[in-house]
Amino acid sequence: MKKTLLLSLSLWFCFPLFAQQLTSTIRGRVISDTQEPLAGVKVFVSNLPSPIGTFTDSLGKFRLENVPVGRRTLEAKLVGYSEFVRDNINLNSARVYDLEIELQTGINMEAVVVNAYVRNDPINEMSILSARRIDPEELQFHAATANDPGRLVQGMPGVQNGLDVRNDVVIRGNSPIGVLWRLEGIDIPNPNHYAGAGSSGGGITIFSASMLGSSDFSTGAFAAEYGNATAGVFDMKFRKGNMEEREHSFRAGLLGLDFATEGPIKKGKSSYLANFRYSTLGVLNQLGVYLLDPRNDNNFYDLSFKIHHQGDKDQFSLWGMGGLSTQLLRPAEQPWSTYRDYYIYDYGTQMGVLGGSWRKVVDSKSFIQVNAAYMAQNPFTIDDTLNLALDTGRVKTERYITRRASVSAFYKRSFSNQLSLKAGILASQIDYDLLDEKWIDSTQILRTVIDARGQTWQAQPYAQFSYRPTDRLTFNAGLHTFIYGLTNETSVEPRVGMKAILSNSANLAIGYGLHSKTVPFGNYFILVDNQQPNLDLSLMKSHHFVVAFDQVLKQKFRIHLEAYYQHLYDLPVTTEPDRKIFILNRLWGFDADRLESVGTGRNYGFDFSIEKFFDKGSFFVISGSWLNATFQRPGDDTRYRSNYDARFSSNFTGGQVFPLGENTFLETGLRFIYNSGFPITPLIPGQESNDGYDQPFDFSRPNIDQLPSYFRPDMRIALRRNRPGYAWWLALDIQNFIARNNNLFTYQFNRDTDQWEVLDQSPLTPVISFQIDF
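Computed from a prediction, not measured in an experiment: that's the story for all the values here.

Draft legend 1. Inspection of the overall build of the protein chain at higher detail. Scanning the protein chain from N- to C-terminus turns up 4 helices and 41 strands. Since a compact globule built from 774 residues should have a radius of gyration of about 28 Å, the 26 Å found for the protein chain is in line with a globular shape. If you line up the protein chain on its principal axes, its C-alpha atoms span 75 × 75 × 45 Å. For the protein chain, buried positions account for 59% of its 774 residues. A fraction of 66% describes how many contacts in the protein chain between residues 6 or more apart in sequence connect residues 24 or more apart. Summed over all atoms, the accessible surface of the protein chain reaches about 30300 Å², with 58% contributed by carbon and sulfur.

Draft legend 2. Main features of the pattern of salt bridges. Tallying each qualifying case throughout the model produces 53 salt bridges. Of the charged contacts in the structure, one is a salt bridge between Arg172 and Asp607, with a shortest N-O distance of 3.0 Å. Taken together, the positions of Arg172 in the loop between helix H3 (149-152) and strand S9 (179-183) and Asp607 in strand S30 (residues 596-615) put the pair 435 residues apart, joining distant regions of the chain. The residues Arg172 and Asp607 share a single accessibility class, namely buried.

Draft legend 3. The confidence of the model for the protein chain, seen in detail. Averaged over all residues, the pLDDT of the protein chain equals 90, while 93% of them reach at least 70. Summarising per-element confidence for the protein chain, the mean pLDDT is lowest in helix H1 (residues 2-14) (42) and highest in strand S10 (residues 186-187) (98). Of the regions scoring below 50 in pLDDT, residues 1-18 engages in 13 contacts with residues more than four places distant in sequence or in other chains.

Draft legend 4. Structural detail: empty space enclosed by the protein. Counted according to the given criterion, the structure contains 11 cavities of 30 Å³ or more. Lining of the second largest cavity is provided by 35 residues; of these, Pro189, Gln377, Arg404, Lys517 and Phe521 occupy positions nearest its centre. Looking at the lining of the second largest cavity, the elements with two or more residues in it are S9, strand S21 (366-386), strand S22 (392-414), strand S23 (419-440) and strand S24 (445-470). The class makeup of the residues in the lining of the second largest cavity is 19 nonpolar, 12 polar and 4 charged.

Draft legend 5. Just the sheet that holds strand S7 (residues 97-103), in detail. The mixed open sheet is built from 3 strands, whose spatial order is S4-S1-S7. One side of each edge strand has no neighbouring strand; the edge strands of this open sheet are strand S4 (61-68) and S7. Here the strands of the sheet are splayed against their neighbours by 25 degrees on average, with no regard to which way each runs. Note: strand S1 (residues 23-32) against S7, 7 bridges, orientation parallel.

Draft legend 6. Structural context of the layout of surface pockets. A volume near 550 Å³ is recorded for the second largest pocket. Together, 22 residues line the second largest pocket, and Arg29, Lys61, Met243, Gly268 and Gln310 are the ones closest to its centre. If you list the elements that add at least two residues to the lining of the second largest pocket, you get S1, S4 and S7.

Draft legend 7. Broad picture of the sheet that holds strand S13 (residues 215-218). As summarised here, the arrangement of the 5 strands in space is S8-S13-S14-S9-S10, forming an open sheet in which the pairing is mixed. Only two strands of the sheet have a single partner each, and these edge strands are strand S8 (131-134) and S10. The pairing of S8 with S13 spans 4 bridges and is antiparallel. Across the sheet, residue Arg132 finds its bridge partner in S13, namely Phe217.

Draft legend 8. Expanded view of the pairing of strand S40 (residues 755-760). Here 5 bridges tie strand S39 (residues 743-750) to S40, and the two strands are oriented antiparallel to one another. Considered in S40, the bridge of Phe749 is made with Trp756. Hairpin connection of S39 to S40: 4 residues between the antiparallel strands, including Asp754 at a positive phi of 60 degrees.

Draft legend 9. Molecular detail of the packing of aromatic side chains. One pass over the structure, following the stated rule, counts 33 aromatic pairs. Here the aromatic rings of Tyr524 and Phe525 are separated by 6.4 Å at their centres, their planes lie at 70 degrees, and the arrangement is edge-to-face. Given a relative accessible area of 3%, Phe525 falls into the buried group. Among the aromatic residues, ring-to-ring pairing joins Tyr432, Phe482, Tyr484, Phe521, Tyr524 and Phe525 into one connected group. Across from the ring centre of Phe141, 4.3 Å away, lies the NZ or CZ of Arg71, which sits over that ring. Lying over the aromatic face of Trp729, Arg716 brings its terminal NZ or CZ to 5.6 Å of the ring centre.

Draft legend 10. Representation of the pairing of strand S2 (residues 42-45) within the structure. Bridge count between S2 and strand S3 (residues 52-55): 4 bridges; the pairing is antiparallel. The residue of S3 that forms the bridge with Val43 is Thr54. Between S2 and S3, which follow one another and run antiparallel, lie 6 residues. Across 4 bridges, S2 lies against strand S5 (residues 70-77) in antiparallel orientation.

Draft legend 11. Just the nonpolar core, in detail. Of all hydrophobic cores here, the largest spans 31 residues; its most connected members are Leu183, Ile188, Phe207, Phe234, Met321 and Val353. Broken down by secondary-structure element, the contributors of at least two residues to this core are S9, strand S14 (232-236), strand S19 (314-329), strand S20 (345-363) and S21. In contact with Phe207, other than residues within four places in its own chain, are Asn147, Trp181, Leu183, Ile188, Pro191, Leu212, Met236, Phe238, Arg277 and Met321. Among the nonpolar cores identified, the runner-up in size contains 30 residues, and Ile177, Ala197, Leu434 and Tyr524 belong to it.

Draft legend 12. Structural context of a nonpolar patch on the surface. Among the surface-exposed residues, Ile265, Ile307, Phe316, Leu318, Leu354, Trp358, Val370 and Val407 lie close enough to one another that they form a single nonpolar patch of about 660 Å² accessible area. Put simply, the parts of the chain that give the nonpolar patch at least two residues each are S19 and S20. Topologically, Phe316 is positioned in strand S19. Since its relative accessible area comes to 40%, Phe316 is described here as partly exposed.

About the cut-offs
Starting afresh in each chain, residues are numbered from 1 along the sequence in its written order. Only residues with pLDDT of 70 or above have their local features reported here, since the model is predicted, and side-chain atom pairs are shown and tallied only from 80 upward, although totals for entire chains, interfaces and linings are computed over all residues. Each side-chain value is worked out from all heavy atoms of the structure, with water and hydrogens disregarded. Helix numbering and strand numbering both begin at the N terminus, where a helix is a DSSP run of H or I of at least 4 residues and a strand a DSSP run of E of at least 2. We take the radius of gyration over the C-alpha atoms and set the globule estimate at 2.2 Å times the residue count to the 0.38 power. For each residue, the accessible area found with a 1.4 Å probe, counting protein chains only, is set against the maximum for its type, and the residue is called buried under 20%, exposed over 50%, and partly exposed in between. Here, residues are in contact when the closest pair of their heavy atoms is within 4.5 Å. Exposure was quantified through the Shrake-Rupley algorithm and a 1.4 Å probe, taking into account, for residues, occlusion by the shown protein chains and nothing else. Salt bridge criterion: a side-chain nitrogen from Lys or Arg within 4 Å of a carboxyl oxygen from Asp or Glu. Confidence of the prediction at every residue is given by pLDDT, a number between 0 and 100. Using protein atoms alone on a 1 Å grid, points that fit a 1.4 Å probe yet trap it form a cavity, whereas open point sets bounded by protein on both sides within 12 Å along at least five of seven lines form a pocket; residues with an atom within 4 Å of a point count as lining. Grid points are joined across faces, edges and corners, and a volume is the space filled by probe spheres set on the points. Here the term charged refers only to Asp, Glu, Lys and Arg, the term nonpolar to Ala, Val, Leu, Ile, Met, Phe, Trp, Tyr, Cys and Pro, and the term polar to all other amino acids, Gly among them. Any two strands are treated as partners once DSSP identifies two or more bridges connecting them. To get an axis, a line is fitted to the C-alpha atoms, and for a helix only the part in contact is used. The angle between two axes follows their N-to-C directions and goes from 0 to 180 degrees. Planes of paired rings set the category: under 30 degrees apart is stacked, over 60 is edge-to-face and the rest tilted, where pairs are Phe, Tyr or Trp rings (Trp by its six-membered ring) whose centres lie within 6.5 Å. For a Lys NZ or an Arg CZ to count as sitting over a ring, it must be within 6 Å of the ring centre and within 35 degrees of the ring normal. What makes a nonpolar core is a set of buried Ala, Val, Leu, Ile, Met, Phe, Trp, Tyr and Cys residues whose side-chain atoms join them at distances within 4.5 Å. In this analysis, a patch consists of residues with relative accessible area above 30% that form no salt bridge, clustered at 9 Å for like charges and at 5 Å for the nonpolar side chains Val, Leu, Ile, Met, Phe, Trp and Tyr.

Next up, the structure:
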């Protein structure tokens, strides 16, 4: 019996070596940058011994059948338009690959457009530098990303990673709170599970890889349509569901369960796409792997959907997503010796957004789009710490409920092949209900730090022009205005950029922008002596200057260089001599301090990368950054290092696909992340020993110490198999596979030594998952 079973398993795994090659279909449509369908576009799969191609019909539609499964490269070309290349398309035997391609109009419609394109150029043509496209395949191919856009970009140029458990994105020494998240044209709250109040990151994103289409990630000198951001922008898009057949996916693994489904509502006209995830870290805890603490229980749920209708001249979609996450810290086993032993809490986040989008083609040169959404968020914490008699006592209550109704609209017009305009507005009405109570050990009272309810609003009109006097030169200019009702402040922000195509393989781009960002919301309502002194805080502002150079070699490699300088001002700081608090040093939460918008900051540096596009089964990105990030207070000549002044960081990300016959593939991936160590504020001398309730930081000497260098290697190995009518893959991702002890820039109390010690981050973390598509 055992021999028969072993023989059956062997034949099952080896069968793909002798099976006939399976195929799939790529279909979609090609449109211009004014949303008009383009006929006669040549669309073809290029990385095959004999390319498979076709031409689009009068509606811009195309269909490529009998394309062998595997990782494929798709190209689209039409005389007088920019070229399109999309590599690393993962075709399997269970799914049809649907793609909408947008080609930019050229100057000379009689000839092929000069185009030193880069395969990962952003979707937004106004983002001509410091931006790249994120494709959904990358989330399931790069090592240890957990299908998370925040973790994916941590291996990209200009991003300094030093966090294992959280996915906060540190860009060019800027605080993560300066990052903007946008979905389907609407700015949204922090879209992460375990998102602390005042933060832009968390444990893992609510976005599901099954829902996402190609999106943009920007790191500086943003286009004029982006506001309320000083560090970076995630411009996320949901894809459309299959309009012809029903398709489903089911995934199970150590992080939980995931189910996605899509299909037509009215065949060829409308579709639905939905995804549900349930996750618990309890399985990892049972294996002895603790991302946070053996006493932690963690669970999260999320649901996302998109319903789309495609008309001849217009389209409409209804979309949404929401997530719930909870974390419970249990008390340690007795006997107890320090505060941390009997410290317990309930912590979690609630976030949801429901929206709709409508797009109408006005004529062959223009279209309009309107988006509307309602959203809410509530990161909460309840700390009911036990005493030695096992009675609970409240030491912290945090409730940060915000609700927002937003509308955005824009009009885009091409006056000619040389000149185009995009103008619009984003307006929001915001309701808030905030409560923050903290136990003050020195006074033995529960102090109310924040207690505020009310409404406010903000509006962000913008206009931007793109002018191309020749096929080799592009000028972009725009103006963004941020009007903030809470502080009655208006910020007028110019944005300009220039891109020159030096040759068919080299680009040079220069950009400048003034950007502003609201202070993390709770800071406005801090109570000091029963007053709210921070209600007059200014918008934080930043001048961005960027120069970028790209060299493409043989359409397979890219050398990318960027130099940047940022001058930040109107930054909230304390002015007390012995308490040098800089608001951008906080990862999340709020200090109970009187702040003034008189601080300044300076970030400058240099990013470089060498990238091999996906070709012949492999890709890699090698990147490095040198940076300097400091801040100053008025009347103080000292430049203090920010929390994110890593000085030097580097990343390597790569992958290789090995065919095991015609229909089975082995995928491998590696990622190495290094930085020279983040700064850390020391503790007050003579107060190292206490019960561990509160870290006694010496804020008179901020960030004068430095953590050891951070190094984390991640790996991935996956087996993909295609069968008639279905396909599956089995993957193992291991974060920190050498189990290196990296430090976090915070302290924990060690009861054995009766001393404070720097907190260690996550150990080796394996995540295994199995997915079937059918």
